[in-house]
Amino acid sequence: MSFVNVEYPHDGVCQITLNRPERMNAMAFDVMVPFREALEAASFNNDFRVVIVTGAGEGFCAGADLEDPGWLDIFNGLTVPGIARRAMKILEDVVRTLQDMHQPVIGAINGAAIGGGFCLAMATDIRIASHNAYFRPAGINNGLTSAELGLSYLLPRAIGTSRAFDIMLTGRDVDAAEAAAIGLVSRTVDHEALLEECYTIAERICGFSRLGVEISKQMLWAGMDAGSLHTHMNHESHAQLFVRMTTENFEEAIRARKQGRSPEFKD
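Residues numbered from 1 in each chain as written. Predicted model: local features only at pLDDT ≥ 70, side-chain atom pairs only at ≥ 80, totals over all residues. Heavy atoms only, no water.

## Considerations on the overall build of the protein
Right, on to step 1. Helix and strand counts for the protein come out as 10 helices and 10 strands.
Right, on to step 2. Taken over the C-alpha trace, the protein has a radius of gyration of 19 Å; the compact-globule value for 267 residues is 18 Å, and the two agree within 12%.
Right, on to step 3. If one aligns the C-alpha atoms of the protein with their principal axes, the spans along those axes are about 60 × 45 × 40 Å.
Right, on to step 4. Here the protein holds 267 residues, and 47% of them are scored as buried.
Right, on to step 5. Long-range pairs, those at least 24 residues apart, make up 68% of the contacts in the protein with a sequence separation of at least 6. (Helix = DSSP H or I, 4+ residues; strand = E, 2+ residues; numbered from the N terminus. Rg over C-alpha atoms; globule rule 2.2 N^0.38 Å. Buried < 20%, exposed > 50% of the residue type's maximum accessible area, 1.4 Å probe, protein only. Contact = heavy atoms within 4.5 Å.)

Here you go:
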C-alpha cells in the first residue's frame, strides 16, 4: 500500500495526499521520504500550476509516529545520536521542499495538525481549513520544545509574536475558528467542501502567468528573510522587470481587457 497518493483532480492541479489514516498520517520515515519525492516530482512537472497537500481520513498529519517511526538504510551503522540527526534532516528537507516548489502549495487542512503536522501545514503557501481542523504544538506537552521544523520562525510571522508565544508555550489546541480569526489559515469551510474550495482557488491561480505566480511565491518567502525594506524592494523590482521585459504578458492583459476576454499568457 502506498502511503502517499498522487492525483490530478483538475487541469494544472496536482493533489498529494498523505495516506496512512489509521495512524493519522503520522510522519514515519516510510511516509515522509515518498512524500518528499512526490513533491519534488510535482515541482519539476510543468503540467502542474498548483499543488494541493492534504491528509486521508480524519487527520491532516499527527506529527511523530510513536508506534513505528520506520527504518531507512541511511541509518545503518549509526549510533542513536547519528540516527537522530539523519532523521531530523529528512523532515527538514520536506519543509524546504514545500517552500522551494515552483508552484504555490495549498494546504487543505482536513483535520488534526499536531506537532510536525502543524509545522507541515505552516510550510504551505495558502492554508484552507475544514471546520474539523485543529492545530497543536505537541513537543511542549511531551517534555520537549515546541520549536521544531521552522515553527518558531514561521508561526510568529504568520500570526504575530504574542499569539505565537501563547500557543507555543501553552501547547494548547487552536481550533479552526480561532485559526481563521488570527490569520493562521485563510478561511474555514465545511468539511465536505474543503477540496472543492481548494480547487476553486487553484483554478483562479492557474489563469495567471506561470512566471508571475512562481516569482510572486519566491518574493513572498524571500521577503520573510529580507534584511531591510530597501533590499527587498530592489529584489522585487528586478523580478518585476524580468517578467515585464521578457514576456508579452502585460500587452496581452491589456488586449484581453479591451476585448472582454480572459488573457492567454504565453510565458
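Resuming the write-up.
## As for the sheet that holds strand β3 (residues 50–55)
Right, on to step 1. Taken in spatial order, the six strands of this open sheet run β1-β2-β3-β5-β7-β10, and their pairing is mixed. One side of each edge strand has no neighbouring strand; the edge strands of this open sheet are β1 (4–10) and β10 (187–189). In this sheet, neighbouring strand axes are inclined to one another by 25° on average, regardless of whether the strands run parallel or antiparallel.
Right, on to step 2. Sheet analysis places β1 next to strand β2 (residues 13–18), joined by five bridges and oriented antiparallel. The partner of N5 across the bridge, within β2, is T17.
Right, on to step 3. Where helix α7 (residues 194–206) meets the sheet, it contacts β1, β2, β3, β5 (105–109), β7 (126–130) and β10, and its direction lies at approximately 160° from that of β7. (Pairing = 2+ DSSP bridges. Axes fitted to C-alpha atoms, helices over the stretch in contact; angles between N-to-C directions.)

## Some thoughts on the pairing of β2
Right, on to step 1. The element β2 is largely enclosed, with a buried count of six among its six residues.
Right, on to step 2. Of the two faces of β2, the one lined by V13, Q15 and T17 and the one lined by C14, I16 and L18 are each fully buried.
Right, on to step 3. Turn length for the β1-β2 hairpin, with the two strands adjacent in sequence and antiparallel, is two residues, and the turn residue G12 shows positive phi of about 80°.
Right, on to step 4. Handedness of the β2-helix α1 (residues 29–43)-β3 crossover: right-handed. (Right-handed = clockwise from strand over helix to strand, strands pointing away.)

## Considerations on the environment of G55
Right, on to step 1. Checked against the element boundaries, G55 lands in strand β3.
Right, on to step 2. Under the relative-accessibility criterion, G55 is labelled buried at 10%.
Right, on to step 3. C-alpha separation for the pair G55 and G111, spaced 56 residues apart in sequence, amounts to 7.9 Å.
Right, on to step 4. Leaving out residues up to four positions away in the same chain, G55 has contacts with T17, L18, N25, F60, A108 and N110.

## Considering the sheet that holds strand β6 (residues 112–114)
Right, on to step 1. The mixed open sheet is built from four strands, whose spatial order is β4-β6-β8-β9. The open sheet has two edge strands, β4 (59–61) and β9 (174–175), and neither has a second partner.
Right, on to step 2. Alignment of β6 against strand β8 (residues 134–136), held across three bridges, turns out to be parallel. Bridging from a neighbouring strand, I114 pairs with R136 of β8.

## What to know about the packing of aromatic side chains
Right, on to step 1. Tallied over the entire structure, the rule returns three aromatic pairs.
Right, on to step 2. Summarising the aromatic geometry, the rings of F29 and F75 are spaced 5.3 Å apart at their centres and angled 75° between planes, so their arrangement reads as edge-to-face. Taken together, the positions of F29 in helix α1 and F75 in the loop between β4 and α2 (80–100) put the pair 46 residues apart, joining distant regions of the chain.
Right, on to step 3. A relative accessible area of 1% places F75 in the buried class. (Phe/Tyr/Trp six-rings, centres within 6.5 Å; stacked < 30°, edge-to-face > 60°.)

## Looking at the side chain of S130
Right, on to step 1. Among the structural elements, S130 can be located in strand β7.
Right, on to step 2. Note on S130: relative accessible area 0%, which makes it buried.
Right, on to step 3. Apart from the residues lying within four places of it in its own chain, the contact partners of S130 are I109, N110, A176, V189, H191 and L194.

## Brief notes about the nonpolar core
Right, on to step 1. Grouped together as the largest cluster of nonpolar side chains are 56 residues, with contacts concentrated most on I16, M32, F35, F135, L155 and L184.
Right, on to step 2. Look past the residues within four positions of M32 in its chain and what remains in contact with it is L18, M27, I90, L91 and V94.
Right, on to step 3. Of all hydrophobic cores here, the second largest spans 15 residues; its members include I52, I128, A202 and V213. (Core = buried A, V, L, I, M, F, W, Y, C linked by side-chain atoms within 4.5 Å.)

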